[in-house]
Amino acid sequence: MKRKYHYPNVTNVAQILVDRNYSDIEQIVKNRLKTAPQFVDKIELEAELKGHNGCVNCLEWSEDGRILASASDDYHVMLWDPFNHRRLYDLATPHDGNIFSVKFLHKRNNNKLVTGAGDYRTFVFDINRGNDFPIRKCSCHAQRVKRLATSSKHVHLFWSSAEDGKVLQHDMRTPHTCRADDANVLINLRNHINEMPEVKCITINPQKPELMAIGANDCYARVYDRRMMSLMKLTANTDLKPNANNTDNVPRDGCVQYYCPGHLRKNKDTVYSFLNQKAITYLTFSPDGNELLVNMGSEQIYLYDLNRPREPMFLQLPKFTEPMNGTNGTTTNVEKGRHKLPPDVEKMKKEGNANLEKEKYQQAIQQYTMAIRKAQEKDCSVLYLNRATALMKRNWYGDVYAAVRDCHRALRLDPHYVKAHFRLARALLKLGQLTNASACLAELVQRFPSYAKNHGVLMLDKDIETEMEKQRQRQRERTLDSETDQFSDNELIWRAAALDYEDRFVGHCNTKTDIKEANFFGDSNYIVAGSDDGNFFIWERDSGMIASIYQADEMIVNCVQPHPYVCMLATSGIDHEVRLWSPQASESQPKHRVDEIVGTVNENQNRMQCDPFDSLAPDQAMCRAS
């Protein structure tokens, strides 16, 4: 039981801290200080660590932050002293495929390393032995091993995920011989998906290690409770159809939860094409274990709140009462009076409106976002609606659905906001939610009868009917391809119950490699990720706005790994160097910081929306194994 301290007459804060056990507070303060804005604003290149002869595909800090491990296409793992900028150890592994993942097996012991590579194998090394021979080998995977996961609370276990659709559990306490009847398969997506599923990434919750998240070559992040699962044999279920659920080790209820952005979750109105195919390239839990950050290829970065799940929002209109102005539903004048803003917020709104008129949508969205942060929540309905308008006009991946969510926020604050009803119906149409769009427009007319003959309402109704007829035509022409041949019954249930994101982060480009990371920085108050343009990005966690962009590679940045204790980042990509970034002296001029944020982001998003075959530039051959 903790001792309670009482300080009725003490006003000296320093004395209070000295007299009490403040280790938890100290850690919180350290986390916040290491990414204080004053430090983040001064980040610049500190050093380049040279030694690899190939693309550096993965980085990993030791738990104490004293060692940085890097692994490369050259089949080497190198250990670095990040503070003295020197190489401590060069491990020439027996891999004959690009190394995609390296982990310290024991977080408190920096001597044991685990590697996974494109040769389908995983190795465990003890560098104290003074040789490069692995102390454990596994070749159970049938495709490239893309990511490994470890847990500081289970120091004898590690997990490997591969493009054969499997997650294997490895226990260092038991011998392993790679026999076909070994029971080491924790997850096999091919029991539920018939389209060659590939597990691209994996992570363990740092606070609840029973929770494991994986990302595959689709848009669903899956979080499993390992306590409800048993290990399967390597040969089990290989000849089963996806709808044969009776021998799978994943219970239907309570064992797994899917997460997916609402606009990507499949529904009966969704029209799919090759351009709709997504893959999760990286995911990680927040340090407190309450959030899941997901980097999606050919899309944006999404943050999911695990404790406050959010259902996708399409047509959940708030309760409505008749307006009291006696105008038979005509509320335009009332709206003008109701949406007055404080002068400073009004100024931001006008700046946003001016940018919107000039088709500078990114700047408009930023102005509306800053105004929302500054205004009282009850005053924000018009700001949310204006931002929704700008999002729909910008129309980057996920923008229209973000506009739907903003329309709902506006209506939740003001259920009588006619423009928000109309904009919601228009956004649902653009999103392909035709049934919901029609119902939303019908509800608008019912709530506000005077708008039944409004020209905009009539034209929108006509547009919805036109698209619904096109959809009916497509359904008549489409050959019947039963989903039961593609997915198991459980898979369909899990996908239909997928939960929505809390926040998203836009600006980078993620199309050319499938190992691109996104991580929490500091006390989760920043998000960092690499990009196809050779930059890495830093976003403000709360606002989603870009804090800064840095040029960190000649071609592509894949890895951005924050130091666990100090304001330092390690990055790597197609270049052979590992780069360290930290706050530098104020008198030095920033050499790698990108000044043109708007242009950089526009170029990235335009590139991401191009035909994927157009993005296969000659440099893609250099990282085709990624």
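Just so you know, these numbers come straight off a predicted model, no measurement behind them. Per chain, the residues get numbers from 1 upward, laid out in the order the sequence is written. Owing to the predicted nature of the model, reporting of local features is limited to residues with pLDDT of at least 70; listing and counting of side-chain atom pairs is limited to 80 or more, with chain, interface and lining totals taken over all residues. Hydrogens and water molecules were not included; the side-chain quantities draw on all heavy atoms of the structure.

## Some points on the confidence of the model for the chain
- A residue's pLDDT is the predictor's confidence in that residue, given on a scale from 0 to 100. With 84% of its residues at a pLDDT of at least 70, the chain reaches an overall mean of 87.
- Residues count as neighbours in contact if any of their non-hydrogen atoms are within 4.5 Å of one another. Taken as a whole, residues 1–10 scores under 50 in pLDDT and shows six contacts with residues more than four places along the chain or in a different chain.

## Points about the sheet that holds strand β27 (residues 557–562)
- Across the sheet, four strands lie side by side as β1-β29-β28-β27; this open sheet has antiparallel pairing. Here the strands that pair on one side only, and so sit at the sheet edges, are β1 (43–49) and β27. Across the sheet, the axes of successive neighbouring strands diverge by a mean angle of 25°, strand direction being ignored.
- Of the strand pairs in this sheet, strand β28 (residues 569–573) and strand β29 (residues 578–583) are connected by three bridges, and their pairing is antiparallel. Directly across from Thr 571, in β29, lies its bridge partner Arg 579. Criterion used throughout: strands pair if DSSP finds at least two bridges between them. The numbering of helices and of strands both runs from the N terminus, where a helix is a DSSP run of H or I of at least 4 residues and a strand a run of E of at least 2. Fitted lines through C-alpha atoms give the axes, limited to the stretch in contact for helices. The angle between two N-to-C directions lies from 0 to 180 degrees.

## Quick notes on the packing of helix α10 (residues 434–447) against helix α11 (residues 455–477)
- Packing of α10 against α11 leaves a shortest axis separation of 10 Å and a crossing angle of 155°. With respect to α11, the axis of α10 lies roughly antiparallel. The interaxial crossing formed by α10 with α11 has left-handed handedness. Contacts between α10 and α11 involve Leu 434, Ala 437, Ser 438, Leu 441, Leu 444 and Val 445 on the former and, on the latter, Val 457, Leu 460, Asp 461, Ile 464, Glu 467, Met 468 and Gln 471. Angle categories are assigned with fixed cut-offs, so that under 35 degrees is roughly parallel, over 145 is roughly antiparallel, 65 to 115 is roughly perpendicular, and the rest are oblique. When the near helix sits turned anticlockwise from the far one by under a right angle, the crossing is termed left-handed; a clockwise turn instead gives a right-handed crossing.

## Digging into the environment of Ser 152
- For Ser 152, the position within the fold is in the loop between β10 (145–151) and β11 (154–162).
- Judged by its relative accessible area of 25%, Ser 152 is partly exposed.
- Sequence spacing of Ser 152 and Gln 207 is 55 residues, and the spatial spacing of their C-alpha atoms is 9.6 Å. Three exposure classes are used, based on accessible area relative to the maximum for each residue type with a 1.4 Å probe and protein chains only: buried under 20%, partly exposed in between, and exposed over 50%.

## With respect to helix α13 (residues 597–608)
- To estimate the expected span of a helix, subtract one from its residue number and multiply by 1.5 Å. Spanning 12 residues, α13 covers 16 Å between terminal C-alpha atoms, matching the ideal 16 Å at 1.5 Å per step.
- Residues of α13 that are buried include every one of Thr 600, Val 601, Asn 604, Gln 605 and Met 608, and no others. An end-on view of α13 places all buried positions within 120° of arc, on one side of the element.
- Buried residues along α13 sit in contact with α6 (361–374), β25 (535–540) and β26 (546–551).
- In the analysis that follows, any N or O atom pair within 3.5 Å is treated as a polar contact, provided that within protein one partner can donate a hydrogen and the other can accept it, and provided that, for residues neighboring in sequence, both atoms belong to side chains. Regarding α13, its N-cap is Glu 596, as a side-chain oxygen of that residue lies 2.8 Å from the backbone nitrogen of Gly 599 further along. The arc in question is the one spanned by the directions pointing from the helix axis to the C-beta atoms.

## Thoughts on the environment of Ala 410
- Counting through the fold element by element, Ala 410 comes out in helix α8 (residues 399–413).
- Judged by its relative accessible area of 0%, Ala 410 is buried.
- On a C-alpha basis, the gap between Ala 410 and Asp 379 in space is 9.5 Å, while along the polypeptide they are 31 residues apart.
- The residues touching Ala 410, leaving out its near neighbours within four places in the chain, are Ser 381, Tyr 384, Leu 385, Tyr 417 and Ala 420.

## Let's talk about the pattern of salt bridges
- Note on definitions: salt bridges are taken to be side-chain nitrogens of Lys or Arg within 4 Å of carboxyl oxygens of Asp or Glu. Tallied over the full model, the rule gives 42 salt bridges.
- The salt bridge partner of Arg 409 is Asp 406, with a shortest N-O separation of 2.6 Å. Remark: Asp 406 and Arg 409 occur in helix α8; sequence separation between them is three residues, near one turn of the helix. The same class applies to Arg 409 and to Asp 406, which are both buried.
- Salt-bridge contacts for Glu 603 lead to Arg 607; the nearest nitrogen and oxygen are separated by 3.1 Å. A residue pair is termed a helical-turn pair when its members lie 3 or 4 positions apart in one helix, as Glu 603 and Arg 607 do in helix α13 at four residues.
- When its relative accessible area of 23% is taken as the criterion, Arg 607 is described as partly exposed.
- Beyond isolated ion pairs, a larger network of salt bridges with shared partners links Arg 144, Lys 146, Glu 163, Glu 198, Lys 200 and Asp 514.

## A short note on the state of the cysteines
- Criterion for a disulfide: a pair of cysteine sulfur atoms within 2.5 Å. Overall, the coordinates contain zero disulfides when judged by the stated rule.
- Unpaired in terms of disulfides, Cys 509 finds its nearest cysteine sulfur in Cys 610, a separation of 8.8 Å.
- Residue Cys 509 is classed as buried on the basis of its relative accessible area, which comes to 0%.

## Observations concerning unusual backbone geometry
- Phi at His 85 is positive, roughly 60°, even though this residue is not glycine.
- Topologically, His 85 is positioned in the loop between β4 (76–81) and β5 (86–92).

## Let's talk about a nonpolar patch on the surface
- A surface patch of nonpolar side chains, amounting to about 270 Å² of accessible area, comprises Phe 83, Tyr 565 and Val 566.
- Mapped onto the elements, Phe 83 comes out in the loop between β4 and β5.
- Residue Phe 83 is classed as partly exposed on the basis of its relative accessible area, which comes to 43%. Any residue with relative accessible area above 30% and no salt bridge may belong to a patch, with like charges joined within 9 Å and the nonpolar Val, Leu, Ile, Met, Phe, Trp and Tyr side chains within 5 Å. Residue exposure ignores everything except the shown protein chains as possible cover, and the areas themselves are Shrake-Rupley values with a 1.4 Å probe.

## Considerations on the packing of aromatic side chains
- Any pair of Phe, Tyr and Trp rings, taking the six-membered ring for Trp, is counted once the centres come within 6.5 Å. Such a pair is stacked with planes under 30 degrees apart, edge-to-face with planes over 60 apart, and tilted for the rest. Following the criterion strictly, the structure yields 14 aromatic pairs and no others.
- Note on Phe 123 and Phe 125: the rings are 6.0 Å apart at their centroids and 75° apart in plane angle, and the pair reads as edge-to-face.
- If you follow Lys 146 out to its NZ or CZ, it ends over the ring of Phe 100, 4.7 Å from the centre.
- Over the ring of Tyr 397 we find Lys 278; its NZ or CZ atom is 3.9 Å from the centre of that ring. A positively charged side chain is recorded as over a ring if its NZ (Lys) or CZ (Arg) lies within 6 Å of the ring centre. The angle to the ring normal must also be within 35 degrees.

## Points about the nonpolar core
- Among the buried residues, those of types Ala, Val, Leu, Ile, Met, Phe, Trp, Tyr and Cys that are joined through side-chain atoms within 4.5 Å form a nonpolar core. Among the nonpolar cores identified, the biggest contains 92 residues, and Trp 159, Ile 187, Met 212, Ile 214, Leu 292 and Leu 383 are the most heavily contacted of them.
- Apart from residues lying up to four places away in sequence, Leu 383 is in contact with Leu 341, Val 345, Lys 349, Tyr 368, Ala 371, Ile 372 and Ala 375.
- With 16 residues, the next largest nonpolar core counts Leu 293, Trp 396, Phe 520 and Val 601 among its residues.

## Remarks on the sheet that holds strand β7 (residues 109–117)
- With antiparallel pairing, four strands are arranged side by side in an open sheet as β6-β7-β8-β9. Each of the sheet's edge strands pairs with one partner strand only, and the pair in question is β6 (99–106) and β9 (136–138). With direction set aside, neighbouring strand axes in the sheet form an average angle of 20°.
- Judged from the three bridges that link them, strand β8 (residues 122–126) and β9 form a sheet pairing that is antiparallel. Looking at the pairing, Thr 122 lines up with Cys 138 of β9.

## Notes on the side chain of His 170
- Relative to the helices and strands, His 170 is located in strand β12 (residues 166–171).
- Of the polar contacts made by the side chain of His 170, one reaches the side chain of Ser 160; its length is 2.8 Å.
- Apart from residues no more than four positions distant in its own chain, His 170 is found in contact with Thr 122, Arg 136, Cys 138, His 156, Leu 157, Phe 158, Trp 159 and Ser 160.

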